[in-house]
Amino acid sequence: MQMQVIKNANVINEQGQLELKHIVIAGGLIEAVVSELADLPQDSRAQIIDAEGKLVTPGFIDMHVHLREPGYEHKETIETGSRSAVKGGFTTIACMPNTRPVTDTPETVKLILDKAREANLAKVLPYAAITKNELGRELTDFEALKEAGAIGFTDDGVGVQNAQMMKDAMRKAKALGMPVIAHCEDDSLVKGACVTEGEFAERHGLKGIPNESEAIHVGRDILLTEATGVHYHVCHVSTEQSVRLIRQAKAIGISVTAEVCPHHLVLSDEDIPGLDANWKMNPPLRSPRDVEACIEGLLDGTLDMIVTDHAPHSAEEKAKGMELAPFGIVGFETAFPLLYTKFVATGKWDLSLLVRRMTSDPARVFGLDSGVLKAGAAADLTMIDLNAEKEVNPETFATKGRNTPFTGWKLKGWPVMTWVDGEVKWSEQGGF
Ligand SMILES: [Zn+2]
């Protein structure tokens, strides 16, 4: 592979400040990061990329995505999902097992890994189900699934209702050194609801999903984590109560980590314009008070990382309306611009905090060998134009999904080029 030099890149240094650097890529790795052009190796065949005025960060890592394959290829495939990921600046993505069949056998794990290799875009890390068919009745074969390449266990899409089942899962995962990742939702509290409990639900005569349906599982699982010592990771935290429970658990040394989605940081139920299912996701958009608690949790490290919960659906499915349409919105291609525009460009957050929560923090929590920009690391990189302003237009998305509430939003901070293992996988100029 030809040597590449990314010249004049703004990179974030260890102190969180921007610094002008030149990045040398060779053999799939970052070979050097230097300050002076004179320090660059004199390889006349090297390809020079001028990053002047652009930010270059480690490639983004998204530990919660739905690629829909196998089984729901009309919504997304591993290839289209991976295209969407690299277009959004993501180089590593971890996919959820609520496929058809559910990712509960080594064969399905291997199929996902094979398809990801064929797509040859982002690094795809598959999760496997905790219970067979995600039905909550019988544990899957953790050992075989780990052997096949699964990186953790989760029944995402549904909560594990039975506490003994969850405890058994945690014990088994602990013995294998694997994490348990939990979609927290108590079914007895949410039957048939589609938006959060509160004013919007009342106004439209809809049944609401109460905050405690999430937090009650978080609390239960924290106690089970204390008892088993497993690495327990909470999916898409959306409530003030969950943030509080996780903060308290971390303070006394319980091995819990957590994630939050851009939409739960940017939108509340007060923003939902009407009965449009592009605003329907699970967990639902909560109250402004919950949004504030999630932001606070992300800033103080209670919530370790940002994930998109990228969840594509077809236009036909989403047209069924608020009550009948499936839950979920797409996320890869708007995540960074959304958070940059809303929080960094407005001076509320440091750029370095946003980048950490999308790179080195997920890498640290899941023990991944990526998420850093330094010599010797894999050349997984994202170049971003912080100044270019563009309107969100779902028709331009690489994902098959058009289901986003952010259509028409004017955002800054768009990725323009993405490298995985030193190969340019997408650029604004050259496409895929
Ligand atoms: Zn979920």
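Residues numbered from 1 in each chain as written. Predicted model: local features only at pLDDT ≥ 70, side-chain atom pairs only at ≥ 80, totals over all residues. Heavy atoms only, no water.

## Structural notes on unusual backbone geometry
Here the bond from Arg-100 into Pro-101 is cis, since omega is 0 degrees, no more than 30 degrees from zero. Considering the arrangement of structural elements, one finds Pro-101 in the loop between β7 (90-95) and α2 (106-119). For the bond running from Asn-282 to Pro-283, omega is 0 degrees, close enough to zero to count as cis. With respect to the helices and strands, the residue Pro-283 is situated in the loop between α8 (262-266) and α9 (288-299). (Helix = DSSP H or I, 4+ residues; strand = E, 2+ residues; numbered from the N terminus.)

## Quick word on the UniProt feature "binding site: Zn(2+) 1" (unreviewed entry) in the protein
As recorded in UniProt, the sites labelled "binding site: Zn(2+) 1" (unreviewed entry) are His-64, His-66, Asp-156 and Asp-309. What stands out for the annotated residues spanning 246 residues is how close their C-alpha atoms remain, the widest pair being 10.2 Å apart. In this structure, His-64 sits in strand β6 (residues 60-65). With near-sequence residues (within four places) excluded, His-64 lies in contact with Ala-94, Met-96, Asp-156, Cys-235, His-236, Glu-259, Val-307, Thr-308, Asp-309 and His-310. At 2.9 Å, the side chain of His-64 forms a polar contact with the side chain of Asp-156. (UniProt positions renumbered as here; feature names shortened; annotations may be inferred. Contact = heavy atoms within 4.5 Å. Polar contact = N/O pair within 3.5 Å; in protein donor to acceptor, adjacent residues only side chain to side chain.)

## Quick look at the pattern of salt bridges
The final tally for this structure, using the stated rule, is 21 salt bridges. Between Glu-317 and Lys-75 there is a salt bridge, and its shortest N-O distance comes to 2.8 Å. On the criterion of sequence distance, the pair formed by Glu-317 in helix α10 (residues 315-318) and Lys-75 in the loop between β6 and α1 (78-87) is long-range, its members being 242 residues apart. As far as the burial class goes, Glu-317 and Lys-75 line up, both buried. Of the charged contacts, one joins Arg-357 and Asp-361 as a salt bridge, the two residues approaching to 2.7 Å between their closest N and O atoms. For Asp-361, a relative accessible area of 7% translates into the label buried. The structure contains a network of salt bridges with shared partners spanning Lys-250, Asp-304, Arg-357, Asp-361 and Arg-364. (Salt bridge = Lys/Arg side-chain N within 4 Å of Asp/Glu carboxyl O. Buried < 20%, exposed > 50% of the residue type's maximum accessible area, 1.4 Å probe, protein only.)

## Some remarks on the sheet that holds β7
An order of β6-β7-β8 is seen for the three strands of this open sheet, with the pairing classed as parallel. Sheet topology places β6 and β8 (123-126) at the edges, where each strand pairs with a single neighbour. For this sheet, the mean inter-axis angle between neighbouring strands, taken without regard to orientation, is 20 degrees. Sheet topology note: the β7/β8 ladder contains four bridges and is parallel. Paired with Thr-92 across the bridge in β8 is Lys-123. (Pairing = 2+ DSSP bridges. Axes fitted to C-alpha atoms, helices over the stretch in contact; angles between N-to-C directions.)

## Side note on the nonpolar core
Grouped together as the largest cluster of nonpolar side chains are 95 residues, with contacts concentrated most on Tyr-232, Leu-265 and Phe-336. Per-element accounting of this core gives the leading share, seven residues, to helix α11 (residues 335-344). Looking at this core, you find at least three residues from each of domain 1 (4-56 + 377-389 + 410-427) and domain 2 (59-366). (Core = buried A, V, L, I, M, F, W, Y, C linked by side-chain atoms within 4.5 Å. Domains from an automatic or database assignment.)

## What about the UniProt feature "active site" (unreviewed entry) in the protein?
Under the local residue numbering, the UniProt record ascribes the feature "active site" (unreviewed entry) to Asp-309. With respect to the element layout, Asp-309 can be found in the loop between β14 (305-306) and α10. Apart from the residues lying within four places of it in its own chain, the contact partners of Asp-309 are Asp-62, His-64, His-66, His-236, Cys-261, Asn-282 and Ile-329.

## A word on the packing of helix α4 (residues 163-176) against helix α6 (residues 211-228)
One can describe the packing of α4 onto α6 by two numbers: an axis separation of 10 Å at closest approach and a directional angle of 40 degrees. Compared by their axis directions, α4 and α6 come out oblique. The two elements α4 and α6 meet at a crossing, and its hand is right-handed. Residues Ala-163, Met-166, Lys-167, Met-170, Arg-171 and Lys-174 of α4 form the contact with α6, whose own contacting residues are Arg-220, Asp-221, Leu-224, Thr-225, Ala-227 and Thr-228. Along the lines of polarity and charge, the residues of the contact of α4 with α6 split into five nonpolar, two polar and five charged. (Parallel < 35°, antiparallel > 145°, perpendicular 65-115°, else oblique. Left-handed = near helix turned anticlockwise from the far one by under 90°. Nonpolar A, V, L, I, M, F, W, Y, C, P; charged D, E, K, R; others polar.)

## Digging into the domain arrangement of the protein
Looking at the protein, the domain boundaries give domain 1 (4-56 + 377-389 + 410-427) and domain 2 (59-366). The gap between the C-alpha centroids of domain 1 and domain 2 is 30 Å. Domain 1 puts 23 residues into the contact, and the matching count from domain 2 is 22 residues. For the pair domain 1 and domain 2, the summed buried surface comes to about 1800 Å²; carbon and sulfur atoms form 69% of the total. On the domain 1 side of the contact with domain 2, Leu-411, Lys-425 and Trp-426 bury the most area, a combined 26% of that side's loss. Here domain 1 and domain 2 share two salt bridges between them. Put simply, Lys-123 and Asp-421 hold a salt bridge, and the shortest N to O gap is 2.9 Å. Elements with a contribution of two residues or more to the side of domain 1 that touches domain 2: β15 (381-391), β16 (410-420) and β17 (423-427). Ranked by the residues each element gives to the side of domain 1 that touches domain 2, the list is headed by β16, at nine residues. Partitioning the side of domain 1 that touches domain 2 into residue classes produces 13 nonpolar, four polar and six charged. (Buried area = accessible area lost by both parts, 1.4 Å probe.)

## A short note on the coordination of the zinc ion
Looking at the zinc ion, the protein donor atoms are Asp-156 (OD), His-183 (ND1) and His-236 (NE2), and they sit 2.0 to 2.3 Å from it. Counting gaps between the donor residues of the zinc ion yields the pattern D-x26-H-x52-H. Of this pair, Asp-156 sits in the loop between α3 (142-148) and α4 while His-183 sits in the loop between β9 (180-182) and β10 (195-196); the two residues are 27 residues apart in sequence, bridging distant segments of the chain. Its relative accessible area of 2% is what places Asp-156 among the buried residues. (Donors = N, O, S within 2.8 Å, 3.2 Å for Na, K, Ca; no water.)

## Side note on the state of the cysteines
Counted according to the given criterion, the structure contains zero disulfides. You can see Cys-235 has no disulfide; the closest cysteine sulfur is in Cys-184, sitting 7.2 Å from it. With no disulfide of its own, Cys-294 lies closest to Cys-261 among cysteine sulfurs, the gap being 9.2 Å. (Disulfide = S-S within 2.5 Å.)

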